[in-house]
There are 2 protein chains.
Amino acid sequence: MMFESLKKELKKRNINLSYQRLKILEYLAQNQCHPTVDQIYTDIQKSIPTLSKTTVYNTLKKLVEEGLVRVINIEDTESRYDINIEDHGHFKCENCGNIFDFSINMDSLVCNGLDNFRIFDRHVYFKGICPQCS
Amino acid sequence: MMFESLKKELKKRNINLSYQRLKILEYLAQNQCHPTVDQIYTDIQKSIPTLSKTTVYNTLKKLVEEGLVRVINIEDTESRYDINIEDHGHFKCENCGNIFDFSINMDSLVCNGLDNFRIFDRHVYFKGICPQCS
DNA sequence: TATTAAATTGTAATAATTACAAACTTGTAA
DNA sequence: TTACAAGTTTGTAATTATTACAATTTAATA
């Protein structure tokens with residue numbers, strides 16, 4: 001099986017290398033389009049017919065806890081998942097619904113009022129209309 | 001009835017001044033703690049016993065469409081509402097669950113990859129541990 | 001290869017949100 | 001001030017996303 005680097009990431013964190021987990025991670029690595037649980041489940045089910053949606057939820061939860069994957073909550077109706085954990089922003093087009101990545105320099109953002117707050121996670125998202133829909 | 005300025009905002013946008021809408025707006029103005037639908041519903045129901053949760057949803061939807069209120073989606077399990085539509089960031093404490101406002105200068109954030117994107121809405125939120133919980 | 005702990009599965013339960021039609025209000029104009 | 005049309009509220013039912021849980025299966029290790 002491929003994706004030795006992903007396996008190493010799991011081993012490093014003492015996460016068992018189950019077939020389902022590897023397939024979900026592989027899927028996220030190959031589909032960096034911020035898929036929903038339903039998209040992940042539906043697509044992987046083609047190669048693992050017995051796959052349960054609960055497993056997708058469990059796996060994503062674990063991957064997020066371990067910092068291998070990030071959740072994107074832009075709409076209240078859907079959580080999306082992103083294997084790219086570098087600082088970057090998300091742009092959601094209100095017309096076509098697509099989510100685009102854009103690069104940001106988080107350190108450039110001037111903030112006030114966070115003295116003595118311990119920050120683990122920083123999210124930036126914009127909404128509007130993408131060039132294709134304009 | 002008080003809150004003449006809120007009434008004016010509604011009139012300006014041709015939104016009918018129903019009692020429920022005024023009460024919901026008044027509540028949001030007096031409770032800038034980013035309440036959930038359930039909190040809004042439960043609290044206002046004390047003064048309007050016949051209030052329906054559907055009305056709260058309908059009203060919030062309309063207020064958001066008209067730009068009088070913003071939705072905050074930090075957790076996938078709950079949408080929160082904010083009458084403060086100035087640029088500002090939200091910090092969610094992962095221990096106590098409270099959401100804190102902090103000030104940001106959006107123009108200071110260096111972004112790339114958004115040429116020809118029309119931006120309507122910009123959101124910034126951080127997660128971590130607040131000073132009290134540290 | 002046997003053992004033990006952990007993961008997967010499927011179903012049922014929960015929670016948030018939306019759809020919808022009947023009853024009720026609001027704004028407007030006579 | 002009243003009457004009408006358009007818009008709003010209400011309550012219930014439906015939908016959707018997510019979680020709980022127990023039985024079965026699988027992975028890691030000795």
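Since the model is a prediction, treat every value here as computed from it, not as a measurement. (Residues numbered from 1 in each chain as written. Chains lettered and ligands numbered in written order. Predicted model: local features only at pLDDT ≥ 70, side-chain atom pairs only at ≥ 80, totals over all residues. Heavy atoms only, no water.)

## Overview of the side chain of Lys-127 of chain A
Within the fold, Lys-127 of chain A resides in strand β6 (residues 118-129). Residue class for Lys-127 of chain A comes out buried when judged on its relative accessible area of 14%. Contacts of Lys-127 of chain A, omitting those with residues within four sequence positions, involve Ile-74, Glu-75, Phe-91, Lys-92 and Glu-94 of chain A together with Arg-118, Ile-119, Phe-120 and Asp-121 of chain B. (Helix = DSSP H or I, 4+ residues; strand = E, 2+ residues; numbered from the N terminus. Buried < 20%, exposed > 50% of the residue type's maximum accessible area, 1.4 Å probe, protein only. Contact = heavy atoms within 4.5 Å.)

## A short note on the protein's contact with DNA strand C
Near DNA strand C you find 17 residues, and of these Ser-18, Gln-20, Arg-21 and Thr-55 of chain A together with Tyr-57 of chain B are the closest. A share of 76% is what sugar and phosphate atoms reach among the atoms of DNA strand C within 4 Å of the protein. The separation between a phosphate oxygen of DNA strand C and a polar main-chain atom of Ser-52 of chain A is 3.1 Å. At 2.7 Å, a side-chain N or O of Thr-55 of chain A approaches a phosphate oxygen of DNA strand C. (Near = heavy atom within 4 Å. Polar contact = N/O pair within 3.5 Å; in protein donor to acceptor, adjacent residues only side chain to side chain.)

## Side note on the protein's contact with DNA strand D
Around DNA strand D, a shell composed of 16 residues is seen, among which Tyr-57 of chain A together with Ser-18, Gln-20, Arg-21 and Thr-55 of chain B lie nearest. Across the atoms of DNA strand D situated within 4 Å of the protein, the share located in sugar and phosphate is 76%. Thr-50 of chain B places a main-chain nitrogen or oxygen 3.2 Å from a sugar or linking oxygen of DNA strand D. Contact distances for DNA strand D include 3.1 Å between a phosphate oxygen and a backbone N or O atom of Ser-52 of chain B. Classifying every residue of the surface near DNA strand D by side-chain character gives 3 nonpolar, 12 polar and 1 charged. (Nonpolar A, V, L, I, M, F, W, Y, C, P; charged D, E, K, R; others polar.)

## Quick word on the interface of chain B and chain A
With 38 residues of chain B at the interface, the matching set in chain A holds 38 residues. Around 3,400 Å² of area is buried between chain B and chain A when both sides are counted, 61% of it from carbon and sulfur atoms. For the interface between chain B and chain A, the tally reads 0 salt bridges. Between the two partners, chain B and chain A, sit 21 residue pairs in polar contact (both at pLDDT 80 or more). (Buried area = accessible area lost by both parts, 1.4 Å probe. Salt bridge = Lys/Arg side-chain N within 4 Å of Asp/Glu carboxyl O.)

## Description of helix α2 (residues 19-30) of chain B
All names here are of chain B. End to end, α2 covers 16 Å across 12 residues, agreeing with the expected 16 Å (1.5 Å per residue, within 8%). Regarding α2, the residues found buried are Leu-22, Lys-23, Ile-24, Leu-25, Glu-26, Tyr-27 and Leu-28. Tucked into the core, α2 has its buried residues touching α1 (4-12), α3 (37-45), α4 (53-65) and β2 (80-82). (Expected span 1.5 Å × (residues − 1).)

## Overview of the nonpolar core
Counting residues in hydrophobic clusters, the biggest one holds 24 residues, and the most contacted among them are Phe-91, Val-124 and Phe-126 of chain A together with Phe-91, Val-124 and Phe-126 of chain B. Ignoring sequence-local partners within four residues, the contact set of Val-124 of chain B consists of Leu-109, His-123 and Val-124 of chain A together with His-88, Gly-89, His-90, Phe-102, Ile-104 and Met-106 of chain B. If you look at the next biggest cluster of nonpolar residues, it comprises 22 residues, including Leu-28, Leu-63, Tyr-81 and Ile-83 of chain B. (Core = buried A, V, L, I, M, F, W, Y, C linked by side-chain atoms within 4.5 Å.)

## A closer look at the relation of the copies chain B and chain A
Overlay of chain B on chain A (RMSD 0.1 Å): rotation 180°, translation along the axis 0.0 Å. The transformation just described matches what one would write down for a two-fold rotation axis. Take the interface residues of chain B: 100% of them recur as interface residues in chain A, which is what a same-surface contact looks like. (Least-squares fit on C-alpha atoms with pLDDT ≥ 70 in both.)

## Focus: the domain arrangement of chain A
All names here are of chain A. Annotation of chain A at the domain level lists domain 1 (4-82) and domain 2 (89-133). On a C-alpha basis, the centroid separation for the pair domain 1 and domain 2 is 22 Å. Facing the 10 residues of domain 1 at the interface are 9 residues of domain 2. The contact between domain 1 and domain 2 buries some 870 Å² in all, and 50% of this surface belongs to carbon and sulfur atoms. On the domain 1 side of the interface with domain 2, the three residues burying the most area are His-34, Arg-70 and Ile-74, jointly 59% of the side's total. Linking domain 1 with domain 2 are 4 salt bridges, by the criterion used here. When the shortest N-O distance is used, the salt bridge between Lys-92 and Glu-75 registers 3.9 Å. The tally of links from domain 1 across to domain 2 stands at 8 residue pairs in polar contact (both at pLDDT 80 or more). The set of elements that each furnish at least two residues to the side of domain 1 that touches domain 2 consists of β1 (70-72) and β2 (80-82). The leading source of residues in the side of domain 1 that touches domain 2 is β1, at 3 residues. (Domains from an automatic or database assignment.)

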